Number of protein chains: 2
Amino acid sequence: MNITITGAFATKFGELWSSSPRSLAKTAATEAIKDAATEPLSIDALFVGNMLSGMLGGQEHLGAFFREELGLSCPAFKIEGACASGGLAVHMGVLAIRSGMYNRVLVLGIEKMTDHKPEDIARALMGAGSEGERISGATFPGLYAILARSHMDMFGTKEEDLAMIAVKNHFHAVKNPKAHFQTLLTLEKAMRSTCITDPLKLYDCSPISDGAAAVLLESNNSKHNKTHANKNPVTIIASQVATDSLGLAERTSLIELSATKQASRCAFKEAKVSPADIDVAEVHDCFTIAELLAMEDIGFYTKGNAAEAIRKKETTLGISKKLVINPSGGLKACGHPVGATGVKQIVEIVDQLRNRCGERQVNHAHIGLTHNVGGSGATAVVHILRSKK
Amino acid sequence: MNITITGAFATKFGELWSSSPRSLAKTAATEAIKDAATEPLSIDALFVGNMLSGMLGGQEHLGAFFREELGLSCPAFKIEGACASGGLAVHMGVLAIRSGMYNRVLVLGIEKMTDHKPEDIARALMGAGSEGERISGATFPGLYAILARSHMDMFGTKEEDLAMIAVKNHFHAVKNPKAHFQTLLTLEKAMRSTCITDPLKLYDCSPISDGAAAVLLESNNSKHNKTHANKNPVTIIASQVATDSLGLAERTSLIELSATKQASRCAFKEAKVSPADIDVAEVHDCFTIAELLAMEDIGFYTKGNAAEAIRKKETTLGISKKLVINPSGGLKACGHPVGATGVKQIVEIVDQLRNRCGERQVNHAHIGLTHNVGGSGATAVVHILRSKK
């Protein structure tokens with residue numbers, strides 16, 4: 001059963017010190033519900049994707065927490081899978097509708113990070129890693145640096161190639177009024193930036209952000225849905241999850257994320273499309289190396305060949321002849337409020353497929369893909385969406 | 001679509017200082033899988049119910065964490081809804097199978113609490129409450145004391161009535177080798193125990209426990225399932241969730257949990273049975289008043305009449321002519337490792353319906369009910385199970 005996304009909205013991402021989790025959730029949900037031309041009381045279930053609210057803020061039970069804030073009357077659930085919490089919440093929404101138990105589901109992804117001390121955030125984020133990694137004092141920049149170094153050693157990938165991904169994503173984000181960073185980045189500036197964990201520099205890393213995003217999902221059979229048929233509805237034609245070991249040490253390969261490969265393979269099979277059919281993708285570039293790995297693991301490029309595509313700017317808006325990657329600016333430049341990210345990716349693709357992205361609109365976008373990762377690749381969620389036109 | 005529970009197992013509950021979360025999960029899952037006569041690699045999805053691992057232990061991403069530990073190869077998810085996390089995880093497993101995307105699902109409920117300082121546990125548990133309750137320094141004994149006082153004021157319920165619930169549940173737990181407390185409790189001892197939050201005394205409160213429980217769910221259509229048909233399979237004939245406000249202050253009534261009423265009403269409708277059809281129930285007695293409220297809100301007794309039934313020992317094993325409540329000892333005496341509780345309730349009912357409860361076996365148990373609550377009633381999950389015989 002395919003599922004229609006009838007409403008989608010993401011808040012501004014950034015250091016939103018004057019916004020509370022409540023206000024961010026309210027804005028995202030209210031606007032998504034408005035976009036669907038429906039009302040809160042008609043919603044059958046709420047799925048909240050969030051990672052850090054308990055560890056940083058002491059508040060759990062977020063399903064009930066936000067249900068109340070949003071004035072809903074339905075059952076509510078919180079899903080946690082580290083930085084893939086948002087994507088997993090969307091997948092749960094899909095399961096809920098396909099089960100036949102719920103017809104209209106609101107999925108909310110949210111994270112409020114910048115109110116907390118950087119060292120507390122870094123410690124909390126390591127909740128996504130393995131026990132061994134946590135005990136040994138590893139951080140996610142360090143873990144992704146290992147992946148970057150492995151890829152460089154194997155394929156001759158250069159620091160400049162990674163920096164070019166950041167340059168592209170900043171270029172896209174300038175056209176996105178909701179992006180955390182709306183500033184152009186030059187290759188020189190990226191290459192000169194502070195080393196964080198060699199070979200990753202400051203501009204290879206996504207920021208700590210606040211933000212929320214919401215989508216309203218409906219069964220294709222629902223009555224309300226049919227009244228929307230004329231508004232170019234977007235359909236979820238694949239929703240797949242794969243899980244791998246938490247820690248890098250337990251993996252058989254450090255030049256790929258096998259969960260991404262598996263979830264993508266299943267998603268393409270479910271959607272009956274191939275990587276070549278995708279017009280626009282939002283992939284999980286928590287670090288620049290992550291986008292490069294995603295380009296290969298999803299199957300857009302063969303292993304070892306993404307760097308050349310980056311050098312040729314093949315995935316840059318306005319230059320790309322086919323696939324544009326991370327038109328929103330990605331996690332790198334649009335921002336990465338962890339629980340919100342997976343839902344915001346869906347919002348961006350919906351907006352692209354509905355042709356309402358203004359300056360960053362990808363021409364002729366018909367089929368889009370989202371790719372959300374938890375930890376250093378322990379969880380991967382892939383969705384494929386299609387517009388009717 | 002009905003779903004069969006082909007395997008079920010709960011570990012010993014208690015202060016398990018020599019057991020790690022890993023070892024508890026491993027025991028529960030391995031035994032549940034063995035009970036189903038299947039193997040880990042045949043499992044299509046893992047749903048983990050847990051509340052406190054992030055706040056107390058710094059470890060999130062528990063889906064991937066336990067999937068790895070259990071040697072599974074499937075996608076994995078963590079569901080959080082305070083003390084209802086386990087029940088919600090079972091509900092998610094039901095949705096997953098009904099969606100048609102997953103055929104065989106393992107649900108694991110787990111909590112490791114006693115390694116932490118009591119004040120840290122109390123603080124973390126308040127993550128289940130409202131912001132106002134947390135800021136004002138309320139605790140769950142305090143919140144349930146308000147409910148108890150309201151019920152006493154309205155219906156003349158006595159402290160002795162509440163104590164009798166504890167006496168019954170300790171009486172049941174003596175017959176349960178896995179119970180946290182295997183000691184008889186007298187009414188006199190209960191009444192003399194330390195006041196925690198008036199009118200609740202020490203023996204009105206469930207303990208802080210460690211433990212894990214697991215169930216294996218399968219589609220009734222699955223091939224493997226059919227080979228099990230001769231082992232008196234237990235079927236989930238209803239799975240319902242309802243959500244209410246997080247805080248007591250936002251409720252319209254303090255003499256009932258409306259989420260329990262709503263989830264129960266929907267569950268009886270889905271199962272096409274009535275409260276009078278239930279032979280055995282595991283209800284959420286985090287405090288004695290909670291069992292009394294559940295007896296009324298589920299519909300076993302009309303509002304205000306449960307206390308009399310308690311005085312008459314109508315729900316006590318060996319005395320009851322029909323419905324036995326909390327034969328395991330309930331949260332009160334079997335223990336309450338929060339994320340594990342909702343799954344352990346299912347395990348107990350499965351064991352009762354399969355006639356394998358030894359000394360605490362309820363005679364002629366054919367239809368059973370579980371009732372799992374999050375917070376002071378913000379989340380309620382009700383399942384109804386039926387044996388074939």
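Now for a quick tour of the structure. The numbers attached to residues start from 1 for each chain and follow its sequence in the written order. Naming scheme: in the order in which they are written, chains are lettered from A and ligands are numbered from 1. Residues qualify for local features only when their pLDDT is at least 70, as the model is predicted, and side-chain atom pairs are given and counted only at 80 or more; totals for whole chains, interfaces and linings, by contrast, use all residues. Think of the side-chain values as coming from all heavy atoms in the structure, minus any hydrogens and water.

Here's the deal with a nonpolar patch on the surface
Residues and elements named next belong to chain B. This is how it is decided: Patch construction takes residues with relative accessible area above 30% that form no salt bridge. Like charges are linked within 9 Å, and nonpolar side chains (Val, Leu, Ile, Met, Phe, Trp, Tyr) are linked within 5 Å. To measure how exposed things are, a 1.4 Å probe is used in the Shrake-Rupley method; for residues, cover is taken only from the protein chains shown. Within this document, salt bridges are pairs made up of a side-chain nitrogen of Lys or Arg and a carboxyl oxygen of Asp or Glu, the two lying within 4 Å of each other. Helix and strand assignments come from DSSP, with helices taken as H or I runs of at least 4 residues and strands as E runs of at least 2, each series counted from the N terminus. Only protein chains enter the area calculation, which uses a 1.4 Å probe; residues under 20% of their type maximum are buried, those over 50% are exposed, and those in between are partly exposed.
On the surface, Phe171, Val174 and Leu184 cluster together to form a nonpolar patch covering roughly 250 Å² of accessible area. Secondary-structure assignment places Val174 in the loop between α8 (159-173) and α9 (187-192). Accessibility expressed as a relative area gives 34% for Val174, which makes it partly exposed.

Concerning the nonpolar core
Our working definition: Side-chain atoms within 4.5 Å link the members of a nonpolar core, which is a set of buried Ala, Val, Leu, Ile, Met, Phe, Trp, Tyr and Cys residues. Any two residues having at least one pair of non-hydrogen atoms within 4.5 Å are treated as being in contact.
Core analysis: the largest hydrophobic core is formed by 78 residues, its most contacted members being Ile5(A), Phe47(A), Val215(A), Phe47(B) and Val215(B). Apart from the residues lying within four places of it in its own chain, the contact partners of Val215(A) are Ile5(A), Gly7(A), Ala8(A), Ala32(A), Val90(A), Val105(A), Leu106(A), Val107(A), Val343(A), Ile346(A) and Val347(A).

Description of the relation of the copies chain B and chain A
Note the threshold: A residue counts toward the fit only if its pLDDT is at least 70 in both copies, and the copies are then superposed by least squares on the C-alpha atoms of those residues.
Laying chain B over chain A is done by rotating through 180° and shifting 0.0 Å along the axis; what remains is an RMSD of 0.0 Å. Look at the turn and shift together and you get a two-fold axis relating the two. Within chain B, the C-alpha atom positioned nearest to the axis of rotation is that of Ser99(B), 1.9 Å from it. Of all interface residues in chain B, 100% are interface residues in chain A too; the two copies therefore contact each other through one and the same surface.

What about the packing of α8(B) against helix α12 (residues 288-297) of chain B?
Residue and element names in this part refer to chain B. Basically, it comes down to this: All axes here are fitted lines through C-alpha atoms, helices being fitted over the stretch that makes contact, and every angle between N-to-C directions spans 0 to 180 degrees. For classification purposes, angles smaller than 35 degrees are called roughly parallel, those larger than 145 roughly antiparallel, those between 65 and 115 roughly perpendicular, and all remaining angles oblique. Residues are grouped as follows: nonpolar covers Ala, Val, Leu, Ile, Met, Phe, Trp, Tyr, Cys and Pro; charged covers Asp, Glu, Lys and Arg; every other residue, Gly included, is treated as polar.
It is at 8 Å that the axes of α8 and α12 come closest, and there the two elements cross at 95°. For the element pair α8 / α12, the angle class is roughly perpendicular. Along the contact surface, α8 presents Leu162, Ile165, Ala166, Lys168 and Asn169, while α12 presents Thr288, Ile289, Glu291 and Leu292. Here the contact of α8 with α12 is built from residues that sort into 5 nonpolar, 2 polar and 2 charged.

Remarks on the environment of Glu131(B)
Inspection of the secondary structure assignment puts Glu131(B) in helix α6 (residues 131-135). Sequence separation between Glu131(B) and Gly247(B) is 116 residues, and the spatial gap between their C-alpha atoms is 8.0 Å. Ignoring anything within four residues of it in the chain, the contact list for Glu131(B) reads Arg22(A), Gln59(A) and Phe65(A).

Notes on the packing of aromatic side chains
Where two aromatic rings form a pair, the distance of their centres and the angle of their planes describe that pair. Note the cut-off: Pairing of aromatic rings covers Phe, Tyr and Trp, the last through its six-membered ring, and needs centres within 6.5 Å; plane angles under 30 degrees mean stacked, over 60 mean edge-to-face, and all others mean tilted.
Applying the stated criterion across every chain, the model contains 8 aromatic pairs over all chains. With centroids separated by 6.4 Å and ring planes inclined at 75°, the aromatic side chains of Phe77(A) and Tyr102(A) adopt a geometry described as edge-to-face. Within this pair, whereas Phe77(A) is found in strand β3 (residues 76-80), its partner Tyr102(A) is found in the loop between α4 (85-98) and β4 (104-111), the two being separated by 25 residues in sequence. The burial state of Phe77(A) is the same as that of Tyr102(A); both residues are buried. For the ring pair Phe47(B) and Phe77(B), a centre distance of 4.9 Å and an interplane angle of 20° mean the geometry is stacked. Residue Phe47(B) is found in strand β2 (residues 45-49), and its partner Phe77(B) is found in strand β3 (residues 76-80); the two are separated by 30 residues along the sequence. Both residues of the pair, Phe47(B) and Phe77(B), count as buried.

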